[in-house]
Amino acid sequence: MTDTDRSTPHTHSSIRFRAATPDDGAAIWRLVQATGTLELNSAYFYLLFATDFGDTCLVAERDGRMVGAVVGYHPPRHPDTAFVWQVGVLPEMRGHGLGLRLLQEWLELPANRSCRWVTATVADDNPASQALFRRLAREHGTACEELPHFRPGQFPHDHPAEPLFRIGPVERRTPRS
Ligand SMILES: CC(C)(COP(=O)(O)OP(=O)(O)OC[C@H]1O[C@@H](n2cnc3c(N)ncnc32)[C@H](O)[C@@H]1OP(=O)(O)O)[C@@H](O)C(=O)NCCC(=O)NCCS
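Predicted model only: the values in this text are computed from it and were never measured. (Residues numbered from 1 in each chain as written. Predicted model: local features only at pLDDT ≥ 70, side-chain atom pairs only at ≥ 80, totals over all residues. Heavy atoms only, no water.)

> Outline the overall build of the chain, listing residues and values.
Check the secondary structure of the chain and you find four helices and eight strands. Tracing the chain from N to C terminus, the helices and strands come up as β-β-α-α-β-β-β-α-β-α-β-β. In terms of C-alpha radius of gyration, the chain reaches 15 Å, essentially the compact-globule figure of 16 Å for 177 residues. The dimensions of the chain, computed from C-alpha atoms along their principal axes, are 45 × 35 × 30 Å. Across the 177 residues of the chain, 44% fall into the buried class. In the chain, of all internal contacts separated by at least 6 residues, the share reaching a separation of at least 24 is 62%. Carbon together with sulfur atoms contributes 52% to the accessible area of the chain, which is approximately 9,800 Å² in total. (Helix = DSSP H or I, 4+ residues; strand = E, 2+ residues; numbered from the N terminus. Rg over C-alpha atoms; globule rule 2.2 N^0.38 Å. Buried < 20%, exposed > 50% of the residue type's maximum accessible area, 1.4 Å probe, protein only. Contact = heavy atoms within 4.5 Å. Areas by Shrake-Rupley, 256 points an atom, 1.4 Å probe, with all protein chains shown as cover.)

> Tell me about the site of the ligand, and name the residues and values.
The local shell around the ligand holds 20 residues, among which Val87, Val89, Gly97, Arg135 and Arg138 are the closest. Here an oxygen atom of the ligand and a backbone polar atom of histidine 96 are 3.4 Å apart. Relative to its unbound accessible surface of 920 Å², the ligand loses 73% to contact with the protein. Under a 2 Å grid-point criterion requiring more than half of the atoms, the pocket assigned to the ligand is the largest pocket. Only β5 (81-89), α3 (98-107) and α4 (127-139) provide two or more residues apiece to the shell around the ligand. The leading source of residues in the shell around the ligand is α4, at six residues. When the residues that make up the shell around the ligand are grouped by side-chain class, the tally is eight nonpolar, nine polar and three charged. (Near = heavy atom within 4 Å. Polar contact = N/O pair within 3.5 Å; in protein donor to acceptor, adjacent residues only side chain to side chain. 1 Å grid on protein atoms, 1.4 Å probe; cavity = no way out; pocket = protein on both sides within 12 Å on 5 of 7 lines; lining within 4 Å. Sits in = over half its atoms within 2 Å of the grid points. Nonpolar A, V, L, I, M, F, W, Y, C, P; charged D, E, K, R; others polar.)

> Pulling in residues and values, what's your account of the UniProt feature "domain: N-acetyltransferase" (unreviewed entry) in the chain?
Here, the residues flagged by UniProt with the feature "domain: N-acetyltransferase" (unreviewed entry) are residues 15-162. Its end C-alpha atoms 31 Å apart, residues 15-162 is made of 30% helix and 28% strand. (UniProt positions renumbered as here; feature names shortened; annotations may be inferred.)

> Quick rundown of empty space enclosed by the protein? Include the residues and the values.
The tally for this structure, following the rule as stated, stands at one cavity of 30 Å³ or more. Quantified by volume, the largest cavity comes out at close to 30 Å³. Lining the largest cavity, in full, are Ile28, Leu31, Val32, Leu38, Ala69, Val71, Gln86, Val87 and Gly88. If you list the elements that add at least two residues to the lining of the largest cavity, you get α1 (25-35), β4 (65-73) and β5. Per-class residue counts for the lining of the largest cavity are seven nonpolar, two polar and no charged. (Points joined across faces, edges and corners; volume = space filled by probe spheres on them.)

> Give me the layout of surface pockets: which residues, what numbers.
A water-sized probe, rolled over the atoms, reveals where empty space remains. As a volume, the largest pocket reaches approximately 1,400 Å³. Leu38, Trp85, Thr121, Asn126 and Ser129 are the residues nearest the centre of the largest pocket, which is lined by 49 residues in total. At the level of elements, α2 (43-52), β5, α3, β6 (117-121), α4, β7 (143-150) and β8 (162-168) are the ones that each hand at least two residues to the lining of the largest pocket. A per-element tally of the lining of the largest pocket places β5 first, with eight residues. Here the residues of the lining of the largest pocket are counted per class, giving 25 nonpolar, 17 polar and seven charged.

> Break down the side chain of arginine 18 for me, with residues and values.
Within the element layout of this structure, arginine 18 appears in strand β2 (residues 15-19). Assessed through its relative accessible area of 16%, arginine 18 is described here as buried.

> Describe the packing of α3 against α4, with residues and values.
Following both chains from N to C, one finds α3 and α4 inclined at 55°, their axes separated by 10 Å at the closest point. When the interaxial angle is binned, α3 and α4 end up oblique. For the crossing formed where α3 meets α4, the hand is right-handed. Contacts between α3 and α4 involve Gly99, Leu100, Leu103 and Gln104 on the former and, on the latter, Leu132, Phe133, Arg135, Leu136 and Glu139. Taken together, the residues of the contact of α3 with α4 sort by class into five nonpolar, two polar and two charged. (Axes fitted to C-alpha atoms, helices over the stretch in contact; angles between N-to-C directions. Parallel < 35°, antiparallel > 145°, perpendicular 65-115°, else oblique. Left-handed = near helix turned anticlockwise from the far one by under 90°.)

Below is the structure:
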């Protein structure tokens, strides 16, 4: 668990960041629902993720309440890549750098520390998400490449394209073992 008091904007000083555990699945589901814009998957899906991929998922809590989360994993064909499936912040907490902080803390999780690339698919109609990933790239002084990925026709219903944002290479502050 990371205590966020170090080098943290004062608005985040009471927030704690940690990897997810199986008991977090239900709360992540509630958080995703509360974001209002993220596609809500089944509760079972979040329970499964928090259980089998908990090491690559991050939760942020304030006073015992989940205020943000990153649901991620390592694509099996790209083990040096950390993929962000969903990142969300409660509506009342947005606009104060918490989204960026979530991604930074998530990248520092032990399971992600060997990753040099961050990927995410970002819908064409989600400027907040686009800005967040571009900012992450700037923070690391690295590139944010946008590549064709999921096309509207690949979805079973109306859905905007989801290009792949590929950020990296991400240099680490400490050498990788
Ligand atoms: C995307 C999200 C996590 C950003 O969280 P946040 O705490 O507001 O983000 P931050 O304050 O750290 O801002 C990060 C960057 O995004 C930009 N940003 C945030 N909200 C924005 C918006 N609505 N429109 C445009 N840019 C936005 C910020 O200006 C900042 O960029 P900058 O440094 O270049 O100015 C939040 O809006 C959210 O939970 N949205 C709903 C879920 C979602 O769409 N998730 C992403 C897809 S998986």
